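# Overview (structure and organization)
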Amino acid sequence: MIFLNWVSQDYDSRQPEKVVFSKFLPNALNVITSTQATAINLGGSIGSSLDLATAGLEGGVNLSFSGQDFIENEAIVDVVTSLNSNSLKYVFLAVQPAGILRDNSWSAPMARRVFYKGIRPYRGLTLVGNDWRNQLQSILFPFVRADFFYGPIRYWLGDLAGIYLPGPKVQDISHSMDNAKVRERSIALLEDLLQQMKQGLYYHRDSIEEPKDALVRICEKLARKNIQLILYVTPATSEYQRLTSEFFRQDTIGGELWEEAEQSCKKQNAVVLRFDTEPVFLHSDDMFEDTYHLNDNGSVFFSLMMKGELKKLNKGAGN
């Protein structure tokens, strides 16, 4: 156990910045406190689509991290608001309908353990969504990683032997849905995700409302701090809309939970912006790297669109 822990810790210490959450979080929080950030951006991987500087917010910090659910984002909000930064005026939170069901304690326990490890210096042993099992395992087994030892052991063996161990070959294809191979792979991945949802592997069946409740609490906490929350439903392709419609219509559990969260947040003066039905995105596969993640070109276009929406909001507020 000690040996495997050392391997993992040593591997973590040599990873590029922003790859490992335990490095990403303190770096981002340091920027917030040192630069008097005016805005932060939260969410999972879809949050990386929004560039706050391009959207006209120069003092913005991106705190979105791949795979984060609403329960984990609530913990991030608790940490950020405890910094007593009076400069923070806006919090952006990227959402997709599927996120209203996702609970990493059930669907991605490895990700939850890595999250616990990264946020522990700021929250101590405070649980995330009453998830004590993954908290305990993150303490006892910090070497348990999302990559299942492949990266750490491969790195350590190569370093020990003084040789280079090549990683798996990555197919060189364009990061755009208008590439036939990308399109085929992306649709297959989405169909696999939806199959997990059908089988109940994506959400915790005993506490299906917990992610929704976490989102509502985020809205309430930021309202008490007089921080403007902007929930933005990120752009998606027509393929994403077609394949997910059966899960998130208004008469489904996903649709009902989202509607309840949206109405509750609006009562707390949160702004909800919907970009998922924008025709310019629905039929522009060249702006997506898969069915619902924008590529670099799409990110720039989307961030400029957000800039226009913010101007409308500020004008309406008389600012």
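For the structure itself, look to the data block above.
Predicted model only: the values in this text are computed from it and were never measured.

Definitions and limits used
- Residues numbered from 1 in each chain as written.
- Predicted model: local features only at pLDDT ≥ 70, side-chain atom pairs only at ≥ 80, totals over all residues.
- Heavy atoms only, no water.
- Helix = DSSP H or I, 4+ residues; strand = E, 2+ residues; numbered from the N terminus.
- Buried < 20%, exposed > 50% of the residue type's maximum accessible area, 1.4 Å probe, protein only.
- Polar contact = N/O pair within 3.5 Å; in protein donor to acceptor, adjacent residues only side chain to side chain.
- Core = buried A, V, L, I, M, F, W, Y, C linked by side-chain atoms within 4.5 Å.
- Pairing = 2+ DSSP bridges.
- Axes fitted to C-alpha atoms, helices over the stretch in contact; angles between N-to-C directions.
- Contact = heavy atoms within 4.5 Å.
- Left-handed = near helix turned anticlockwise from the far one by under 90°.
- Nonpolar A, V, L, I, M, F, W, Y, C, P; charged D, E, K, R; others polar.
- Salt bridge = Lys/Arg side-chain N within 4 Å of Asp/Glu carboxyl O.
- Phe/Tyr/Trp six-rings, centres within 6.5 Å; stacked < 30°, edge-to-face > 60°.
- Patch = residues over 30% accessible without salt bridge, like charges linked within 9 Å, V, L, I, M, F, W, Y side chains within 5 Å.
- Areas by Shrake-Rupley, 256 points an atom, 1.4 Å probe, with all protein chains shown as cover.

## Here we look at the environment of Arg 113
For Arg 113, the position within the fold is in helix α5 (residues 109-123). When its relative accessible area of 12% is taken as the criterion, Arg 113 is described as buried. Residues Arg 113 and Gln 137, 24 residues apart in the sequence, show an inter-C-alpha distance of 7.1 Å. Only 2.9 Å separates the side chain of Arg 113 from the side chain of Asn 134, close enough to count as a polar contact. Polar side-chain contacts of Arg 113 include one of 3.2 Å to the side chain of Gln 137.

## A look at the nonpolar core
Ranked by size, the top nonpolar core spans 58 residues in total, and within it Ile 40, Leu 63, Ile 76, Leu 93, Leu 215, Leu 229 and Leu 231 carry the most contacts. Of the residues forming this core, the biggest block, seven residues, is contributed by helix α3 (residues 70-81). Membership of the second largest hydrophobic core comes to 21 residues, among which are Ala 39, Ala 55, Ala 94 and Leu 294.

## Remarks on the sheet that holds strand β3 (residues 90-95)
On the basis of which strands lie adjacent, the open sheet formed by five strands has the order β2-β1-β3-β4-β5 and parallel pairing. Both edges of this open sheet fall to β2 (60-62) and β5 (271-274), since each of them pairs with a single strand only. Across the sheet, the mean angle from the axis of one strand to that of its neighbour is 20°, orientation sign disregarded. One ladder, built from four bridges, connects strand β4 (residues 228-233) with β5; its direction is parallel. Note on β5: the bridge partner recorded for Val 233 is Arg 274. Docked against the sheet, helix α13 (residues 296-316) engages β3, β4 and β5, running at close to 140° with respect to β4.

## Things to note about the pairing of strand β1 (residues 39-42)
The alternating pattern of β1 places Ala 39 and Asn 41 and Ile 40 and Leu 42 on opposite faces, both of which are buried. Relative to β2, β1 runs parallel, the two sharing three bridges. Across the sheet, the residue bridging to Ile 40 is Val 61, located in β2. The pairing of β1 with β3 spans four bridges and is classified as parallel. Bridge pairing in β3 links Ala 39 to Tyr 90.

## Some remarks on the packing of helix α2 (residues 21-35) against α3
The contact between α2 and α3 brings their axes to 11 Å, and the two run at 35°. Of the two possible hands of crossing, α2 and α3 adopt the one that is right-handed. For the pair α2 and α3, contact is made by Phe 21, Leu 25, Leu 29 and Ile 32 and by Ile 76, Val 79 and Val 80, respectively. Here the residues of the contact of α2 with α3 sort into seven nonpolar, no polar and no charged.

## Things to note about the pattern of salt bridges
Overall, the coordinates contain 18 salt bridges when judged by the stated rule. A salt bridge links Glu 72 to Arg 112; its shortest N-O distance comes to 2.8 Å. Here Glu 72 is found in helix α3, whereas its partner Arg 112 is found in helix α5, with 40 residues between them in sequence. Accessibility classification places Glu 72 together with Arg 112 in one group, the buried group. Among the ionic contacts, a cluster of salt bridges with common partners joins Glu 74, Asp 78, Arg 123, Glu 210, Arg 217 and Lys 221.

## Structural notes on the packing of aromatic side chains
To describe a pair of aromatic rings, you give the distance between the ring centres and the angle between the ring planes. What the rule picks out here adds up to twelve aromatic pairs. An angle of 35° between the planes, with centres 6.3 Å apart, marks the rings of Tyr 90 and Phe 92 as tilted. On the basis of relative accessibility, which here comes to 0%, the residue Phe 92 falls in the buried class. In this structure an aromatic cluster arises from ring pairing among Tyr 90, Phe 92, Tyr 232, Phe 275, Phe 281, Phe 288, Phe 301 and Phe 302.

## Quick word on a nonpolar patch on the surface
Together, Leu 125, Leu 127, Trp 132, Leu 136, Ile 139 and Leu 140 line one region of the surface with nonpolar side chains, adding up to about 560 Å² of accessible area. With respect to the helices and strands, the residue Leu 125 is situated in the loop between α5 and α6 (132-140).

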